Amino acid sequence: MTKVAKLAASDVSSQSADFSHLLIDCVQAGASIGFMASLDDSAARGFWTGIADKVEAGDRTLWAARDDDTGALLGTVQLVTGLPDNQPHRGDVAKLMVSPDARRRGVADALMAALERHARETGLRTLVLDTVTGSPAEALYRKRGWVEVGAVPDYALFPDGSPCSTTFFYKTL
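Rules behind the numbers
Residues numbered from 1 in each chain as written. Predicted model: local features only at pLDDT ≥ 70, side-chain atom pairs only at ≥ 80, totals over all residues. Heavy atoms only, no water. Helix = DSSP H or I, 4+ residues; strand = E, 2+ residues; numbered from the N terminus. Buried < 20%, exposed > 50% of the residue type's maximum accessible area, 1.4 Å probe, protein only. Contact = heavy atoms within 4.5 Å. Areas by Shrake-Rupley, 256 points an atom, 1.4 Å probe, with all protein chains shown as cover. Lys, Arg positive; Asp, Glu negative; His and termini not counted. Charge placed at Lys NZ, Arg CZ, Asp CG, Glu CD. Phe/Tyr/Trp six-rings, centres within 6.5 Å; stacked < 30°, edge-to-face > 60°. Disulfide = S-S within 2.5 Å. Pairing = 2+ DSSP bridges.

*Asks:* Explain the overall build of the chain to me, and be specific about the residues and the numbers.
*Replies:* Counting its regular elements, the chain contains five helices and seven strands. Looking at the chain residue by residue over its 173 residues, the buried ones come to 44%. Within the chain, contacts between residues separated by at least 24 positions form 59% of all contacts whose residues are at least 6 apart in sequence. Put simply, the chain shows about 8700 Å² of open surface, and 50% of that area lies on carbon and sulfur atoms. Computed over 18 positive and 22 negative side-chain charges, the separation of the two mean positions in the chain equals 6 Å.

*Asks:* Please provide a residue-by-residue account of the environment of serine 38, values included.
*Replies:* Within the element layout of this structure, serine 38 appears in the loop between helix H2 (16-28) and helix H3 (41-57). Taking the C-alpha atoms as reference, serine 38 lies 18 Å from methionine 97; in sequence the two are 59 residues apart.

*Asks:* Quick rundown of the packing of aromatic side chains? Include the residues and the values.
*Replies:* Enumeration over the complete set of coordinates arrives at six aromatic pairs. An angle of 75° between the planes, with centres 5.0 Å apart, marks the rings of phenylalanine 47 and tryptophan 48 as edge-to-face. Taking relative accessible area as the criterion, phenylalanine 47 reaches 17% and is therefore assigned buried. Judged by centre distance (5.2 Å) and plane angle (90°), the rings of tyrosine 155 and phenylalanine 168 are edge-to-face. Residue tyrosine 155 is found in strand E6 (residues 147-157), and its partner phenylalanine 168 is found in strand E7 (residues 163-172); the two are separated by 13 residues along the sequence. With relative accessibility at 47%, the residue tyrosine 155 sits in the partly exposed group. On the accessibility criterion, phenylalanine 168 (24% relative accessible area) is partly exposed. Through a chain of ring-to-ring contacts, three or more aromatic side chains come together here, namely Phe19, Phe35, Phe47 and Trp48.

*Asks:* Could you give me a rundown of the state of the cysteines, with the residues and numbers involved?
*Replies:* According to the stated counting rule, one finds zero disulfides in the structure shown. For the unlinked cysteine cysteine 26, the closest cysteine sulfur is that of cysteine 164, found at 15 Å. Classification of cysteine 26 as buried rests on a relative accessible area of 1%.

*Asks:* How would you summarise the pairing of strand E2 (residues 60-67) if you had to cite specific residues and measurements?
*Replies:* The buried fraction of E2 is high, at eight of eight residues. The two faces of E2 match: Arg60, Leu62, Ala64 and Arg66 on one face and Thr61, Trp63, Ala65 and Asp67 on the other face are all buried. Pairing of strand E1 (residues 2-7) with E2, which is carried by six bridges, proceeds in the antiparallel orientation. When the sheet's bridge partners are listed, lysine 3 is paired in E2 with arginine 66. As paired elements, E2 and strand E3 (residues 73-80) share seven bridges and run antiparallel to each other. The residue of E3 that forms the bridge with alanine 64 is threonine 76. Count of turn residues in the E2/E3 antiparallel hairpin: five residues, of which glycine 71 carries a positive phi of about 80°.

Right, dumping it as structure tokens:
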């Protein structure tokens, strides 16, 4: 069973080892989430320190999924709301990560459900995200009612340095 919780900045800081391990595992498994294969623990912890600062500032909301039995961190997702003044109705979904060992168990769906519920409750009307073209995440987003905008060839790199296309989606709440 999976438990999803919205986290405070202090939670991110106190659990930084778990978050860093998750990030490194996802990158090593080939996830194109902004990092190259050379990502080390120090850089991963630095990333999460920055995320904790953004959560503290109210510019991001972060959810974590943990295994009910073991407490192991299974995944995370972020909602970016620290956007320009003309976009108070919109949020960007960022860094949906699921441990390679926990994939295909509904973790990503549970994280997205929590994020979308929160977005509705806080009055957001439009969400946007991007993902690797052809990835399993595309099917998840479509199943959840997200609409494909289109793909940009060679938009990002996989951790090994090879290029990947990125597909953009939106969802009206």
